[in-house]
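# Architecture and fold: a report
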Amino acid sequence: ARGELESLQAQLRARLGLDLEMAYGIRTDADARRVEAGFDPSDHVQSLDPAFQPRPPVGATLKDAFTNLLDQAMTYLYPDHPRFEKELRPVQVKQVLEELRRAAGEKDGRIDVPQPVREAMRNIAMGVGLGKMYEAHFILERDWAVKLSQVLSRPGVEPTVKTLRAALDEPRPKGLPKDVQDLILCVFAEQTQRSFLLHGGPFQAGIGNLRDELVLKEQPLPPENIWTTAVERASLILGVTVPKFRSASNVATLVEGVRAAANASLSAAAELARELEGRLAALGLPVAGARLETARAGAALLKAIANAREDGVAQALALASVPGSGDSLSRSIRTAAQVVAALQSTKWQLLEACRSLPDARGEAGQSLIGRVAEALQKDELAQAIGPILSQAEDEAVKLLAPPVVTKPTPPVPPPAPPEPAVPPTPPVQPPTTPPDPTEKVVHAGSRGDLTGRDFRKVADDIQKRLDETKDGKLKITWEITGKG
């Protein structure tokens, strides 16, 4: 019975499916006994928008017909929507943006595309009209750059992301996903040397984070040679890493990072140069040397960056005088505060006192001062000065301590001759007093092995009995035993 019911169910479902296809005009062989005939094909689907008149849906199945109907509706709403070959994924849009940024940095907009990204470039970049993807290379075009630049040149137009998003749908709506909108706007900024600002400060734009209130500002680009040197020095000297290709967003990132690093280190670098000058002069040494030269160069570089206009930061960094290696300058700037603290905390009066010590200590003191002077002359990269000063201070304390004078040991005198033996003196016996016949023994006793506490009890008892006896007298014999 169960099998028969399932068979009937399947037949009924198939029959209803055919009825629906006939009702919606998908099948032309309508059975008048099952579906009412006489309707015009346009009557099968009605639009609530008078301006939209859908055609009868076409498809092999009801699903295909419904998809065709949705396509008509979306085409009506977004007539200029691109025809993507495959579904878009955010990770692919981000990969395409990186490649397009590279292309924007090339004079002819041509780049070789890695094999894994070519399909996404063909589907997305070509799909929205940003350029053409050939077999292995891509050429960036400027159609969007020209169009959006014209929009921003209109009188009274605010150069914001919100304005540009609206312009993407001109002259007819495109219905682009937001990630694709972000892609077009980021590439437009790269092609037209514009950077994104948020509340007046640089903003690192990317897929998914373009806020409508962001403002686009034209960013002058430094010459290629200046840019290359500035990027290298920013990383080597200040620890600020920026992508190598020259673009408005990368220039803004460089300016922000380099300025922040300069402002953070300028005070300590300037103080280091002053402290070294004063210390060298106080020791009577030439006010020169690799350490001082590097410190002065570091302070001058940071000051030039801090005082430069926004469009002059890259030039200030690239054209600055760098004595020795960039590593030495970087080490001097990064350790300026530590070196200043070491110089200021050292007890220099102890080191000065070692110059005029007498005897062999004078030579040791001169050697100590020589090592300190040598460290003050060398770069911090060549010799860290903190341990040198700490060790010199410890040695100075030992040198200045008064020398210990050892007195000679007097000779041992010869032993004295033995003295003649003297016969022992007999003990003196106290005089004996005859006993009084009227006296008698009132109390007597003996105790042994008494501790201090027991003795006090016995002594108290004896004292009491002695006080109670008229003209009482005590005879005592005692003996203390113990170890040692």
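Look up a bit, the structure's there.
Presented here is a report on the structure given in the accompanying data block. (Residues numbered from 1 in each chain as written. Predicted model: local features only at pLDDT ≥ 70, side-chain atom pairs only at ≥ 80, totals over all residues. Heavy atoms only, no water.)

Before going further, it helps to examine the pairing of strand β4 (residues 194–198). Looking down a regular strand, the side chains alternate between one sheet face and the other. Burial analysis of β4 places five of its five residues in the buried class, the great majority of the element. Both faces of β4 are covered, namely the face carrying R194, F196 and L198 and the face carrying S195 and L197. Here four bridges tie β4 to strand β6 (residues 215–218), and the two strands are oriented antiparallel to one another. In the sheet register, R194 faces β6, and the bridge partner there is E218. The pairing of β4 with strand β5 (residues 201–202) spans two bridges and is antiparallel. The partner of L198 across the bridge, within β5, is G201. Joining the antiparallel neighbours β4 and β5 is a turn of two residues, in which H199 adopts a positive phi near 55°. (Buried < 20%, exposed > 50% of the residue type's maximum accessible area, 1.4 Å probe, protein only. Helix = DSSP H or I, 4+ residues; strand = E, 2+ residues; numbered from the N terminus. Pairing = 2+ DSSP bridges.)

Now for the sheet that holds strand β3 (residues 137–140). Working definition: the strands of a sheet are paired by backbone hydrogen bonds and lie parallel or antiparallel to each other. The strand order β1-β3-β2 describes an open sheet built from three strands, whose pairing is antiparallel. Both outer strands of the open sheet, β1 (110–112) and β2 (131–133), are each paired with one neighbouring strand and no more. In this sheet, neighbouring strand axes are inclined to one another by 15° on average, regardless of whether the strands run parallel or antiparallel. Of the strand pairs in this sheet, β2 and β3 are connected by three bridges, and their pairing is antiparallel. (Axes fitted to C-alpha atoms, helices over the stretch in contact; angles between N-to-C directions.)

Moving on, we come to unusual backbone geometry. The omega torsion of the bond from E170 to P171 falls at 0°, within 30 degrees of zero and hence cis. Mapped onto the elements, P171 comes out in the loop between α6 (161–167) and α7 (178–191). A positive phi angle, near 55°, is found at Q193, a position not held by glycine. Structurally, Q193 is set in the loop between α7 and β4.

With that settled, consider a nonpolar patch on the surface. Where nonpolar side chains cluster on the molecular surface, the patch consists of I462, L474, I476, W478 and I480 and spans about 610 Å² of accessible area. Relative to the helices and strands, L474 resides in the segment after α17 (452–468). (Patch = residues over 30% accessible without salt bridge, like charges linked within 9 Å, V, L, I, M, F, W, Y side chains within 5 Å. Areas by Shrake-Rupley, 256 points an atom, 1.4 Å probe, with all protein chains shown as cover. Salt bridge = Lys/Arg side-chain N within 4 Å of Asp/Glu carboxyl O.)

Taken N-terminus to C-terminus, the directions of helix α3 (residues 90–104) and α7 make an angle of 10°; their axes are 10 Å apart at the nearest point. Comparing their axes, α7 and α3 come out roughly parallel. Packed against α3, whose contacting residues are P90, V93, V96, L97, L100, R101 and A104, the element α7 presents D179, L183, C186, V187, E190 and Q191 at the interface. Counted by class, the contact of α3 with α7 contains nine nonpolar, one polar and three charged residues. (Parallel < 35°, antiparallel > 145°, perpendicular 65-115°, else oblique. Contact = heavy atoms within 4.5 Å. Nonpolar A, V, L, I, M, F, W, Y, C, P; charged D, E, K, R; others polar.)

Now for α7. The end-to-end C-alpha distance of α7 is 20 Å, a good match for the 20 Å that 14 residues give at a rise of 1.5 Å each. Counting buried residues in α7 gives twelve out of 14 residues, a clear majority hidden from the surface. Of all the positions in α7, only V180, Q181, D182, L183, I184, L185, C186, V187, F188, A189, E190 and Q191 are classed as buried. (Expected span 1.5 Å × (residues − 1).)

For the rest of this paragraph, the subject is the side chain of T160. Turning to its location among the elements, T160 is positioned in the loop between α5 (143–152) and α6. Polar contacts involving the side chain of T160 include one to the side chain of T163, which spans 3.0 Å. For T160, the residues in contact, after removing those within four places along its chain, are D212, L214, V215 and L216. (Polar contact = N/O pair within 3.5 Å; in protein donor to acceptor, adjacent residues only side chain to side chain.)

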